[in-house]
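Listed below, chain by chain, are the residues.
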Amino acid sequence: MTIWPIIPAAGVGSRMQADRPKQYLTLANGLLIDHTLRLLLDHPACQQVVLALATDDPYWRGSEFSDDARILRVAGGQERCHSVLNALNAILDQAHDDDWALVHDVARPCLHHSDIDALLAAAQQHPQGALLATPTRDTMKRGNSEQCVQHTVEREQLWHALTPQLFPLKALHQALEQCLAQQLTVTDECSAMEHMGWQPRLVEGRSDNIKITRPADLALAEWFLQQREAPCE
Ligand SMILES: Nc1ccn([C@@H]2O[C@H](COP(=O)(O)OP(=O)(O)OP(=O)(O)O)[C@@H](O)[C@H]2O)c(=O)n1
Ligand SMILES: C[C@](O)(CO)[C@H](O)COP(=O)(O)O
């Protein structure tokens, strides 16, 4: 059984409002993309990485991993789900039936190996796959188009989906293909598996595994990354 790490990194980072895609911003003395690549490649289960990059990405050559043979580059797609499907298509003929895909956003550089280990352990016990998630802490509201409260959402068993998400590779490929053929909205791999009737395991992950999305996320991520280098680490 092989784990295939897939990193969707072909986004433009529009919500970040920066002069370049957010994965190429510098945090804690390194490119965001390099922090994410390094943490995955340093994990024993990740011998190589399938990296989906924008076809016109001029920044990749600035990565310290741009010549790293452990990275298989594939063309990203219009949306995140298309980038992930392109990555799966690129490796499908090499994959065995018992291989798994571990999909992790490049925009989540603060991931810890302990969470990867917990996810791998959970998936060994749960054939329908698993994803890192954190329980919601706040009272949740559903708003309307006027940004007024429609109702309070029951928060019992309400989770924030994170990444990595870990699924049998060929099942994920089939699920994504079917969802995209039906033009279903798929914002994470778990959504596609749910459409197939699967019930993946929720694995509680660290709340510092944030997705860098908006400018305010940068300072927090910088601090988290600096803590990783703290002597006690
Ligand atoms: N066509 C796309 C869009 C997004 N992603 C990746 O999917 C992850 C999560 O997406 P998001 O945080 O939304 O990144 P962006 O799409 O770049 O951000 P925005 O929505 O603000 O433009 C990111 O690592 C991003 O690079 C991708 O590989 N291909
Ligand atoms: C995959 C994800 O990070 C899980 O929370 C999230 O769905 C990505 O969403 P985005 O809009 O592509 O950032």
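In this text the structure is predicted, and so the values were computed from the model without any measurement.

**Digging into the packing of helix α2 (residues 80-91) against helix α4 (residues 169-181)**
Helix-helix packing: each pair is described by the crossing angle between the helix axes and the interaxial distance. It is the contact of α2 with α4, at a shortest axis distance of 10 Å, that shows an interaxial angle of 135 degrees. Here α4 runs oblique to α2, going by the angle between their axes. For the element pair α2 and α4, the recorded crossing hand is left-handed. Packed against α2, whose contacting residues are Cys 81, His 82, Val 84, Leu 85, Leu 88, Asn 89 and Ile 91, the element α4 presents Leu 169, Leu 172, His 173, Leu 176, Glu 177 and Leu 180 at the interface. In the contact of α2 with α4, the residues fall into nine nonpolar, three polar and one charged.

**Topic: the site of ligand 1**
In the vicinity of ligand 1 lie 18 residues, with Gly 13, Ser 14, Arg 15, Lys 22 and Ser 83 positioned nearest. One of the backbone nitrogen or oxygen atoms of Ala 10 is found 3.0 Å away from an oxygen atom of ligand 1. Ser 83 is positioned such that a nitrogen or oxygen atom in its side chain is 2.8 Å from a nitrogen atom of ligand 1. Those elements giving two or more residues to the shell around ligand 1 turn out to be β1 (3-9) and α2. Its residues placed into classes, the shell around ligand 1 shows six nonpolar, six polar and six charged.

**Looking at the site of ligand 2**
Around ligand 2 lies a shell formed by Arg 15, Arg 80, Asp 105, Arg 108, Ala 161, Thr 163, Thr 187, Asp 188 and Lys 211. Asp 105 has a polar side-chain atom sitting 2.6 Å from an oxygen atom of ligand 2. Between Thr 187 and ligand 2, the recorded distance is 2.9 Å, taken from a backbone N or O atom to an oxygen atom. Here ligand 2 loses 74% of its free accessible area of 360 Å² to cover by the protein chains. Within the shell around ligand 2, the residues separate by chemical class into one nonpolar, two polar and six charged.

**A short note on the sheet that holds strand β7 (residues 130-135)**
Reading across from one edge, β5-β4-β1-β6-β10-β7-β11 is the order of the seven strands in this open sheet, with mixed pairing throughout. If you trace the sheet from one side to the other, it starts and ends with β5 (71-75) and β11 (201-204), each paired once. Direction aside, the axes of adjacent strands within the sheet are offset by 30 degrees on average. Of the pairings in the sheet, the one linking β7 to β11 comprises four bridges and is parallel in character. If you follow Ala 133 over to β11, its bridge partner there is Glu 204. Where α4 meets the sheet, its contacts fall on β1, β6 (100-103) and β10 (159-168), and the angle it forms with β10 comes to roughly 115 degrees.

Parameters and conventions
Residues numbered from 1 in each chain as written. Chains lettered and ligands numbered in written order. Predicted model: local features only at pLDDT ≥ 70, side-chain atom pairs only at ≥ 80, totals over all residues. Heavy atoms only, no water. Axes fitted to C-alpha atoms, helices over the stretch in contact; angles between N-to-C directions. Helix = DSSP H or I, 4+ residues; strand = E, 2+ residues; numbered from the N terminus. Parallel < 35°, antiparallel > 145°, perpendicular 65-115°, else oblique. Left-handed = near helix turned anticlockwise from the far one by under 90°. Contact = heavy atoms within 4.5 Å. Nonpolar A, V, L, I, M, F, W, Y, C, P; charged D, E, K, R; others polar. Near = heavy atom within 4 Å. Polar contact = N/O pair within 3.5 Å; in protein donor to acceptor, adjacent residues only side chain to side chain. Areas by Shrake-Rupley, 256 points an atom, 1.4 Å probe, with all protein chains shown as cover. Pairing = 2+ DSSP bridges.

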